[in-house]
Amino acid sequence: MRLEHARRDYYRRLAKEQGYSSRAAYKLLEIDNSFHIFKKGLKVLDIGCYPGGWLQVASSKVGRTGLVIGIDVRRVDYNASNVKLIEASVEDDELLERLHSMLNNSKVDLILSDISPNISGVWSLDHARQIYLSKRVLGITDALLISNGNAVLKVFDGDMLKDFISEVKSRFNRVHIYKPKSSRKESSEQYLICLGYKLVRQE
């Protein structure tokens with residue numbers, strides 16, 4: 001337990017030293033080191049972007065020719081020339097319309113979701129709520145991700161996860177289940193690294 005506390009402090013301290021708004025930035029950096037999801041010039045959606053650690057990483061990785069659109073129900077204070085922000089929920093029916101407008105009806109190359117519900121402490125409810133939100137993200141993926149594009153989806157472990165992974169696998173050529181070293185050891189969060197989107201026919 002002491003070792004885990006020391007590790008949390010290490011990433012928190014490192015984030016402060018390196019100017020990241022949260023320790024979560026190191027999760028995305030680890031994911032990119034392992035799966036090489038970023039390239040210069042990509043268009044990226046960062047869903048559940050508060051407080052901005054993933055925005056910072058994505059903004060740096062895609063460079064000046066890229067675009068990162070951050071979405072969260074909470075206000076995010078982050079300014080960069082290649083970042084746009086939307087204060088909204090994935091449950092908002094008008095979100096897709098706003099995104100289509102912002103993207104000039106083009107699509108994105110990469111979708112990132114670090115989305116989490118307000119934690120109640122009742123695990124079955126928190127797990128169900130997180131999977132529900134992730135399904136909303138999957139709907140956005142079907143609408144906006146280019147063919148052969150990639151996605152990174154946070155999920156909570158639990159009895160609904162297996163079926164959700166099956167849903168995701170039906171849409172991508174490869175899906176890896178990954179837990180970054182910078183995640184808290186006791187946390188049930190995992191990341192689905194989804195590579196090679198297969199276009200889903202819209203009904």
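For the structure, see preceding data.
Here is what the cut-offs are and how they apply
Residues numbered from 1 in each chain as written. Predicted model: local features only at pLDDT ≥ 70, side-chain atom pairs only at ≥ 80, totals over all residues. Heavy atoms only, no water. Pairing = 2+ DSSP bridges. Helix = DSSP H or I, 4+ residues; strand = E, 2+ residues; numbered from the N terminus. Axes fitted to C-alpha atoms, helices over the stretch in contact; angles between N-to-C directions. Contact = heavy atoms within 4.5 Å. 1 Å grid on protein atoms, 1.4 Å probe; cavity = no way out; pocket = protein on both sides within 12 Å on 5 of 7 lines; lining within 4 Å. Points joined across faces, edges and corners; volume = space filled by probe spheres on them. Nonpolar A, V, L, I, M, F, W, Y, C, P; charged D, E, K, R; others polar. Polar contact = N/O pair within 3.5 Å; in protein donor to acceptor, adjacent residues only side chain to side chain. Left-handed = near helix turned anticlockwise from the far one by under 90°. Parallel < 35°, antiparallel > 145°, perpendicular 65-115°, else oblique. Buried < 20%, exposed > 50% of the residue type's maximum accessible area, 1.4 Å probe, protein only.

Enquirer: Can you help me understand the sheet that holds strand β3 (residues 83-87) in this one?
Expert: The 7 strands are arranged β3-β2-β1-β4-β5-β7-β6 in an open sheet whose pairing can be described as mixed. In the strand order of this sheet, the two ends are held by β3 and β6 (172-178), each with one partner. Between one strand axis and the next, the sheet turns by 15 degrees as a mean value, whatever way the strands run. Of the strand pairs in this sheet, β6 and strand β7 (residues 189-197) are connected by 6 bridges, and their pairing is antiparallel. Following the sheet pairing, Phe172 is matched in β7 by Tyr197. In the packing of helix α3 (residues 53-62) onto the sheet, contacts are made with β1 (43-47), β2 (67-72), β3, β4 (108-113), β5 (145-156) and β7, and the angle to β2 comes to roughly 170 degrees. Each of β1, β4, β5, β6 and β7 is contacted by helix α5 (residues 123-144), which is oriented at about 170 degrees to β5, the strand it contacts most.

Enquirer: Hey, could you run me through the layout of surface pockets in this one?
Expert: Left-over empty space is what a probe sized like a water molecule reveals as it rolls over the atoms. Considered as a void within the structure, the largest pocket measures approximately 840 Å³ in volume. As for the largest pocket, its lining consists of 38 residues, of which Arg74, Asp114, Ile115, Ser116 and Pro117 are closest to the centre. Elements represented by at least two residues in the lining of the largest pocket include exactly β1, α3, β2, α5 and β5. The leading source of residues in the lining of the largest pocket is α5, at 5 residues. When the residues that make up the lining of the largest pocket are grouped by side-chain class, the tally is 17 nonpolar, 9 polar and 12 charged. In this structure, the second largest pocket occupies an estimated 210 Å³ of space. No other element matches the 4 residues that β5 contributes to the lining of the second largest pocket. Its residues assigned to classes, the lining of the second largest pocket shows 6 nonpolar, 5 polar and 3 charged.

Enquirer: How should the side chain of Asp32 be read in this particular structure?
Expert: Here Asp32 is to be found in helix α2 (residues 25-35). Among the polar contacts made by the side chain of Asp32, one reaches the main-chain amide nitrogen of Ile37 at a distance of 2.9 Å. In this structure, Asp32 is in contact with Ile37, Phe38 and Lys61, ignoring residues within four places of it in sequence.

Enquirer: What exactly am I supposed to notice about the packing of helix α4 (residues 95-102) against α5 here?
Expert: When two helices pack together, their arrangement is given by the angle between the helix axes and by the axis-to-axis distance. Closest axis-to-axis distance for the α4/α5 pair is 11 Å, and the angle between their directions is 35 degrees. Crossing angle aside, the handedness with which α4 passes α5 is right-handed. Counted together, Leu95, Leu96, Leu99 and His100 of α4 and Ile140, Ala143 and Leu144 of α5 form the full contact between these two elements. The class makeup of the residues in the contact of α4 with α5 is 6 nonpolar, 1 polar and no charged.

Enquirer: How should I be thinking about the packing of α5 against helix α6 (residues 161-169) in this particular structure?
Expert: At a minimum axis distance of 11 Å, the contact between α5 and α6 shows a crossing angle of 10 degrees. For the element pair α5 / α6, the angle class is roughly parallel. Two secondary-structure elements touch here, α5 through His127, Ile131, Ser134, Lys135 and Leu138 and α6 through Leu161, Phe164, Glu167 and Val168.

Enquirer: Would you take a moment to explain the pairing of β7 for this structure?
Expert: Successive side chains on a regular strand alternate, one facing one side of the sheet and the next facing the other. Where burial is concerned, most of β7 is hidden: 9 out of the 9 residues are buried. In this structure, β5 lies alongside β7, joined through 6 bridges in antiparallel fashion. What sits directly across from Val152, in β7, is Ile193.

From the geometry alone we can't say anything about function, so treat these as descriptive.
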